[in-house]
Every structure is written in structure tokens, then in C-alpha cells.
Amino acid sequence: MKLLKYVMLMMVLTSCNTRNSNVPVVGFADAFEDNTIEQAKTGFIDALKAHGFDEQKGTLKIIYRNAQGSIPALTQIIRYFITENVTLIAANATLPTITAIQNTKTIPVFMMVAATPQLMNLTDAQGNPPPSLFGVGENLNYIDTSFLLIPQILHPAATKPLTVGMIFNQSEPQSVEAINRIKNLAAASHIQLVALPVNSSADVLLVTQSLLSKHIDAFFANPDNTVFASFENIVQACNQQKVPIFTSEAGLVARGAVAAFGANIYDWGYQAGVQAAEFLQTKSTKDLHWQMVKVRNRVYNPTVAQQYHLQFPPDYKPIQ
């Protein structure tokens, strides 16, 4: 009798832990807690729902994990997804994308809020991306328009060069590429650029304050995950010194930047989610390839613009 009860108990436990093999499983990896990055996750899930894959309706299971800024934790998360044999991995931002590609060659990886495979140094000798990498990436071409908005709006005096400050994480490939691109752009536009490296989110406030002590006219927030994660500290420090923040990331405008030309983070995640849904529907990646961001927006923050007495061209729309 005791043996029978034990067997029955094990059967119940096994049935509870066995998932329906017909329900696809998404392993969703976030690099850190961040309001801007969170919008991509929302967009991704909304796109899946719109195409019939909904956790609440039992047509999808999502295993969500957040690395809280820890690279070792991120590696553990991806390896856990692999042991769970997830149907696909959703990688939110550059570091989860790189980590996923480094750890699996068989599970499709759908990236968002990430750089192009080339900028992430994920291409082979012939320039081909990993065959398991899909989703949506972004190059740095749009940064030119974003950065050159600064002299257009601030109207620097002819007698004094405009000084723009930036911080960047040296461990993020797209951030280093952005700095190098902006250095050339600033030199060609007679703008003095002051860029300081930062190693982690904990250093951002101190480094930003050091940057502000150099009497910069504007702060430029480039596509950097460390900037995303610590943006409120940057805004607080810049507002205290009356220095406006321009950016290439539309999602940061709602958080205190004055203006941006760049991808809407929700739309970015949604675009990746549409492609992931196509894979779930067809169960094939044969006709799928990673995509570039399709929609970029020109937006400004009316409250911040009024605070700094700045006016924007008609093609820049106020955030809602």
C-alpha cells in the first residue's frame, strides 16, 4: 500500500512538471531592470498575442529571467533555457544576444534593442551572421542625425565652440563604435567632444558629475546599456547643472532627455515579436533573417524643452 501511494505521488508530481509539448516555450532574457528596456519586452509579448500566442489563453509559455546587470547570472539564465529546451530565446539588448549566441547554436535567438551582428562582433570571416540569430538590430547611421541636432537647436556662439559630453561603457561593442563615429562627426562639425569611460552602473553618477565639471553645453546619451540602466542619475546630475540631454534613443525622452531621433523601443520589441510569431507558426527559420529597425521617430519632451527654452522643428513630435 505504501509503495502504491508513493508511485501515485510520483505520477502526480511528474504530470505537474510535464508541459504540453504542443505549447511553445519562450525563454525571455533581460540584462537588467530598466523602464526603457521593459518597453521592448511589452512590445514583443504584444506581437505574440496579436498572432495567437498568449500565455493567458494557454497557447504559449514564457520563462522570464532578469540578470540584474550580472554577466555570470546572464550566462546561467541562458544555460537554464537550454536545459529547459525552450522553443526560442528572446534576447533583450546586446549582452543577452551575445551570451545566447555563445551558448547555443541550435535554439533560435530573437534579439531586440541590440546592435547589428557586425557591431556585436558576431559575424564570421565572410561577414555572415550566426545562422541561429534572428530578430531586430540597429546600426549607427541614425546617430549622425541625432548628434547633429544639438548644434541645430542650441545655436552655439561663433566665438566659442560647442562642447558636448558623453559617457560610454568600454565593454559594450556598440558603445565603443558609437564613440568612435561621434568623434569623427564632432571633429568635422567643429564640436568639442568630451567622452569619459564608465565600467558599471554604480560609477555613472560620479563619472557624469566629473563630465559636468568640464563645463559642457549638452550631454549626448548614446546607445549604451549602462546609460539606459542609470539614466535617472544622469538626468538628475545634468538638471542640477542646467545641461540638456540629447539622445539617439526615443525611449529616453520620456525619462528626461529633451529630444531624440531613433527607434521607439516598444516598436522595436514588437517587430522582433512579429518575426518570432512567424517562426512559431511555421516551426521553421528557413525564410527568416535578422532585420534592421523599420521605424525611427523624431520626438521631444515639451516639459524639458520649456525648462531649457528650446524650440524644435515641425518634424519633431511631442511625446505623449
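Quick summary incoming for the structure in this document. Everything quoted here is computed from the prediction, not taken from an experiment.

1. Considerations on the sheet that holds strand β8 (residues 218-221)
Here we have 7 strands laid out as an open sheet, ordered β7-β6-β8-β9-β10-β12-β13, and mixed in their pairing. Bordering the open sheet on either side are β7 (191-198) and β13 (317-318), each of which pairs with just one other strand. In terms of strand pairing, strand β10 (residues 259-263) meets strand β12 (residues 296-300) through 5 bridges, oriented antiparallel. Pairing of G262 across the sheet is with N297, part of β12. Set on the sheet, helix α7 (residues 204-212) makes contact with β6 (162-169), β7 and β8; between it and β7 the angle comes to about 155 degrees.

2. Here we look at the packing of helix α5 (residues 141-154) against helix α6 (residues 173-188)
Pairs of packed helices are described in terms of their axes, by the angle between the two and the distance that separates them. α6 packs onto α5 with a crossing angle of 50 degrees between their chain directions and a minimal axis gap of 10 Å. Judged by the angle between their axes, α5 and α6 are oblique. Pair α5 / α6 crosses with right-handed handedness. Along the contact surface, α5 presents N141, I143, D144, F147 and L148, while α6 presents A178, R181, I182, L185 and A186.

3. Some thoughts on the layout of surface pockets
Here the largest pocket defines a volume of roughly 330 Å³. If you go around the largest pocket, you meet 19 residues; those closest to its centre are F32, G69, L95, S201 and T226. Elements that contribute at least two residues to the lining of the largest pocket include exactly α3 (71-83) and α8 (225-229). No other element matches α8, which puts 3 residues into the lining of the largest pocket.

4. Observations concerning the packing of aromatic side chains
Here the distance between the centres and the angle between the planes together describe a pair of aromatic rings. Applying the stated rule across the entire model yields 9 aromatic pairs. Here F28 and F44 contribute two aromatic rings whose centre-to-centre distance is 5.7 Å and whose plane-to-plane angle is 70 degrees, an arrangement assigned as edge-to-face. Highlighted residues: F28 in strand β1 (residues 25-30) and F44 in helix α2 (residues 35-50), separated in sequence by 16 residues. Accessibility assignment for this pair places F28 and F44 in one class, buried. Ring geometry for F28 against Y64: centres 6.0 Å apart, planes inclined by 40 degrees, an arrangement best described as tilted.

5. Side note on the nonpolar core
F147, F220, F246 and F312 are the most contacted members of the largest nonpolar core, which totals 53 residues. Broken down by element, the residue count for this core peaks at 6 residues, all from α5. Those residues in contact with F220 that sit more than four places away from it in its chain are I143, S146, F147, I150, V164, G165, M166, I182, F246, T247 and S248.

6. Structural notes on the pairing of β12
Here β12 runs beside β13; their pairing, made up of 2 bridges, is parallel. Among the inter-strand pairings, Y300 is bridged to a residue of β13, identified as P318.

7. Concerning the pattern of salt bridges
Summed over all chains, the structure comprises 6 salt bridges. Here R296 ties to E138 by a salt bridge, and the two come within 2.7 Å at their closest N and O atoms. With R296 in strand β12 and E138 in strand β5 (residues 133-138), this pair connects stretches of sequence that are 158 residues apart. For E138, a relative accessible area of 3% translates into the label buried. Here R298 ties to D315 by a salt bridge, and the two come within 3.5 Å at their closest N and O atoms. With R298 in strand β12 and D315 in the loop between α11 (302-307) and β13, this pair connects stretches of sequence that are 17 residues apart.

Thresholds, definitions, all that
Residues numbered from 1 in each chain as written. Predicted model: local features only at pLDDT ≥ 70, side-chain atom pairs only at ≥ 80, totals over all residues. Heavy atoms only, no water. Pairing = 2+ DSSP bridges. Helix = DSSP H or I, 4+ residues; strand = E, 2+ residues; numbered from the N terminus. Contact = heavy atoms within 4.5 Å. Axes fitted to C-alpha atoms, helices over the stretch in contact; angles between N-to-C directions. Parallel < 35°, antiparallel > 145°, perpendicular 65-115°, else oblique. Left-handed = near helix turned anticlockwise from the far one by under 90°. 1 Å grid on protein atoms, 1.4 Å probe; cavity = no way out; pocket = protein on both sides within 12 Å on 5 of 7 lines; lining within 4 Å. Points joined across faces, edges and corners; volume = space filled by probe spheres on them. Phe/Tyr/Trp six-rings, centres within 6.5 Å; stacked < 30°, edge-to-face > 60°. Buried < 20%, exposed > 50% of the residue type's maximum accessible area, 1.4 Å probe, protein only. Core = buried A, V, L, I, M, F, W, Y, C linked by side-chain atoms within 4.5 Å. Salt bridge = Lys/Arg side-chain N within 4 Å of Asp/Glu carboxyl O.

Honestly, it's all geometry; don't read function into it.
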